[in-house]
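Each chain, written out:
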Amino acid sequence: FYGEIKNSDLIEAIGGIPLHVVKPITVVGKINDQNGEMYANCSAPHFIYNNTELKNGHIAITAPDDTLNYDFGAIKMNGNNSTLKLNIFGKAYDNRLTASLYFDNNGTKYMEGLLNTETVFYNSEGQRKADISITPSFLNINDEDWTINPANITYIQDKLSINNFKISNNLFSSIFFFLSL
């Protein structure tokens, strides 16, 4: 399949989605039920969503077999030539979701980072549960490299626990805490 969105008036009117297309959005994909495969790519060079200007938007989804791979991203235009690049990518399979969130503010007070996670969803004693593992990740704040160390976050029926969350670098003491809400 192939599609192009040049005007978003109908999308906003019918769907209530606050989208304004500045440059055409293209969508291309293929579904093969016999092989259990699917892919879809969307390119959005310039658009405004909910009064936020975004450029170089993309969505890429592939689904070979029983795994869904995804990659979403865009650059948020902040004004004064300031931008925020955001990208999230990973895969979903067997009640698991891996996600890596990358950001780069490209600013004078520079911040860049990559947060890597793996989440397992299941039911335990009749309650929905999510175990989130933060895997080794990084931050760079004003040219200072920081490490986000492995940690665990557990969500059980309106309760959130964060264990062993630690951010460190070679010059400063660590930020370390346990939290239970």
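Placed above this text is the structure.
What this report covers is the structure whose coordinates are included nearby. (Residues numbered from 1 in each chain as written. Predicted model: local features only at pLDDT ≥ 70, side-chain atom pairs only at ≥ 80, totals over all residues. Heavy atoms only, no water.)

Attention shifts here to the packing of aromatic side chains. Here the structure, examined in full by the defined rule, presents 1 aromatic pair. Arranged with centres 5.5 Å apart and planes meeting at 35 degrees, the rings of tyrosine 70 and phenylalanine 72 form a pair that is tilted. Given a relative accessible area of 9%, tyrosine 70 falls into the buried group. Cation over ring: lysine 91 sits above tyrosine 93, and NZ or CZ is 5.3 Å from the ring centre. (Phe/Tyr/Trp six-rings, centres within 6.5 Å; stacked < 30°, edge-to-face > 60°. Buried < 20%, exposed > 50% of the residue type's maximum accessible area, 1.4 Å probe, protein only. Lys NZ or Arg CZ within 6 Å of the ring centre and 35° of its normal.)

Let's shift gears to the side chain of asparagine 140. For asparagine 140, the position within the fold is in strand β10 (residues 127-141). Only 3.0 Å separates the side chain of asparagine 140 from the backbone nitrogen of aspartate 143, close enough to count as a polar contact. (Helix = DSSP H or I, 4+ residues; strand = E, 2+ residues; numbered from the N terminus. Polar contact = N/O pair within 3.5 Å; in protein donor to acceptor, adjacent residues only side chain to side chain.)

This brings us to the pattern of salt bridges. On inspection of all chains with the given rule, the structure shows 2 salt bridges. Here glutamate 4 makes a salt bridge to lysine 6, at a shortest N to O gap of 3.4 Å. By relative accessible area, which is 60% here, lysine 6 ends up exposed. Between glutamate 118 and arginine 96 there is a salt bridge, and its shortest N-O distance comes to 3.1 Å. (Salt bridge = Lys/Arg side-chain N within 4 Å of Asp/Glu carboxyl O.)

Taken together, the side chains of Ile59, Phe72, Ile88 and Leu101 make up a nonpolar region of the molecular surface, amounting to roughly 280 Å² of accessible area. Along the chain, phenylalanine 72 turns up in strand β6 (residues 68-79). (Patch = residues over 30% accessible without salt bridge, like charges linked within 9 Å, V, L, I, M, F, W, Y side chains within 5 Å. Areas by Shrake-Rupley, 256 points an atom, 1.4 Å probe, with all protein chains shown as cover.)

Rolling a probe over the atoms, with the probe sized like a water molecule, indicates the empty space that remains. For the largest pocket, the calculated volume is near 320 Å³. Looking at the largest pocket, it is lined by 18 residues, and the ones nearest its centre are Phe47, Gly57, Ile59, Gly73 and Ala74. Taken together, the elements giving at least two residues each to the lining of the largest pocket come down to β3 (25-32), β4 (37-49), β5 (52-62), β6 and β7 (82-93). In terms of residue count, the dominant contributor to the lining of the largest pocket is β6 (5 residues). In the lining of the largest pocket, the residues fall into 14 nonpolar, 3 polar and 1 charged. (1 Å grid on protein atoms, 1.4 Å probe; cavity = no way out; pocket = protein on both sides within 12 Å on 5 of 7 lines; lining within 4 Å. Points joined across faces, edges and corners; volume = space filled by probe spheres on them. Nonpolar A, V, L, I, M, F, W, Y, C, P; charged D, E, K, R; others polar.)

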